[in-house]
Amino acid sequence: MARVLQPKDRETTAARLLDSSVRNSFDPELDIDWTAQAEHGRGYLPPERVSLYGTELWDALSPEQRVELAKHELGSIASVGLWTEIVLMQLLARYAENLDPRTAHAQYALTEIGDETRHSIMFGKTLTWFGVPAYGPPMLVRRLSPLFKNVVGGAAMFASVLVVEEMTDRLQRSTMDDDGIQPMVRMVNKIHVIEEARHVRYAREELVRELATVRRPMLEVHRTVTAVVAFAVADILINPAVYAAVGIEPRQGRAAALANPHHLATRRWMAEKVVDFLTEVGMVGGPSKAIWRRAKLLA
């Protein structure tokens, strides 16, 4: 049975987050040296987090090709993250339009939109620095996005935000202090992790407030929407086109990754913290739990 968390005072939390935003925010235009060159001998992801790690395809790659594949995979993750940031901004703007603009809660929602704008620009400049395509989500997901944005709200909206933010956050945190990773990547991750920590707190607390008023039939709807989002996010983070960058046919690369226990373990590891939280508050359960299992996000 899910533990019932008591909602905290909305204005107190928002005021603290606003204060933190003033004291600890970044401007990627000023805080990142975009003219810096990639450093020889440093990578983009820990090798064990690359989707083909441990497979025969991986064994056949040269050290240089392994670094190149990691760069393209991180570029794919960043481009999907950029796209989801833009979707989040639209959801937050719609949420904020009905809030009292005099409140700290409304003002922090607007502050978060500002953060996400800078993050989106930062990710775009990172893709340029990498020299990789803006892979982004597949066309089907893009076409379904307007429907999702028009119908999602309440608990499902905040839970979906947490899925996206916390999965990528776990990966970024693991590289911030890794000397084997490119300094540029580490700085981008540091900025995103520090600022996203506020966004995660805001969304977690608002989710708890929303759930306090959700009845059982609607809870199953919110659970299902969140599970579908989790499935989609896990599935699209790595665009199959990345494999062509190292001479691997995209379908072959994707099939190998989906059959790779190391890659599936990385998926579960990325989702572990948010799954634990969503389970704790009752957002993982019932029939939709099968979707989480199909996404390979549950142990």
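Cut-offs applied
- Residues numbered from 1 in each chain as written.
- Predicted model: local features only at pLDDT ≥ 70, side-chain atom pairs only at ≥ 80, totals over all residues.
- Heavy atoms only, no water.
- 1 Å grid on protein atoms, 1.4 Å probe; cavity = no way out; pocket = protein on both sides within 12 Å on 5 of 7 lines; lining within 4 Å.
- Points joined across faces, edges and corners; volume = space filled by probe spheres on them.
- Helix = DSSP H or I, 4+ residues; strand = E, 2+ residues; numbered from the N terminus.
- Nonpolar A, V, L, I, M, F, W, Y, C, P; charged D, E, K, R; others polar.
- Core = buried A, V, L, I, M, F, W, Y, C linked by side-chain atoms within 4.5 Å.
- Buried < 20%, exposed > 50% of the residue type's maximum accessible area, 1.4 Å probe, protein only.
- Contact = heavy atoms within 4.5 Å.
- Expected span 1.5 Å × (residues − 1).
- pLDDT = per-residue confidence, 0-100.

Asks: So what's going on with empty space enclosed by the protein? Which residues, and what values?
Replies: One pass over the full model with this rule turns up two cavities of 30 Å³ or more. A volume near 200 Å³ is recorded for the largest cavity. Among the secondary structure elements, those contributing two or more residues to the lining of the largest cavity are helix H4 (63–96), helix H7 (154–173), helix H9 (216–236), helix H10 (250–258) and helix H11 (261–280). Of all the elements, H11 adds the most residues to the lining of the largest cavity, at four residues. A per-class count over the lining of the largest cavity returns ten nonpolar, three polar and five charged.

Asks: Before we move on, can you summarise the nonpolar core with the specific residues and values?
Replies: Core analysis: the largest hydrophobic core is formed by 92 residues, its most contacted members being Met167, Leu207, Leu278, Met283 and Trp292. Residue assignment for this core shows that the elements contributing at least two residues are helix H1 (10–23), H4, helix H5 (104–130), H7, helix H8 (183–211), H9, H10 and H11. The contacts of Trp292, once residues within four sequence positions are left out, are Val163, Thr226, Ala227, Ala230, Val275, Leu278, Val284, Leu297 and Leu298.

Asks: Kindly report on H5, identifying the contributing residues and their values.
Replies: Under the 1.5 Å per step criterion, the end-to-end length of H5 is 38 Å for 27 residues, consistent within 8% with the ideal 39 Å. Of the residues flanking the end of H5, it is Gly131, one or two places downstream, whose phi is positive at about 75°.

Asks: Can you tell me about the layout of surface pockets, naming the residues and giving the values?
Replies: What the largest pocket holds in volume is close to 1,000 Å³. Looking at the largest pocket, it is lined by 49 residues, and the ones nearest its centre are Trp83, Thr84, Ala232, Val233 and Ile236. For the lining of the largest pocket, the elements supplying multiple residues, two or more each, are H4, H5, helix H6 (139–151), H7, H8 and H9. If you tally residues by element for the lining of the largest pocket, the top one is H4, at ten residues. Across the lining of the largest pocket, the residue classes break down as 33 nonpolar, eleven polar and five charged. If you add up the space inside the second largest pocket, you get close to 410 Å³.

Asks: Any chance you could break down the confidence of the model for the chain for me, citing the residues and the numbers?
Replies: With 97% of its residues at a pLDDT of 70 or more, the chain has an overall mean of 94. Taken together, the stretch residues 1–5 has pLDDT below 50 and engages in ten contacts with residues farther than four places along the chain or on a different chain.

Asks: Which residues make up the environment of His40, and what are the values?
Replies: When you line up the elements, His40 lands in the loop between helix H2 (28–31) and helix H3 (56–59). Since its relative accessible area comes to 86%, His40 is described here as exposed. A C-alpha to C-alpha distance of 39 Å links His40 and Gln90, two positions 50 residues apart in sequence.

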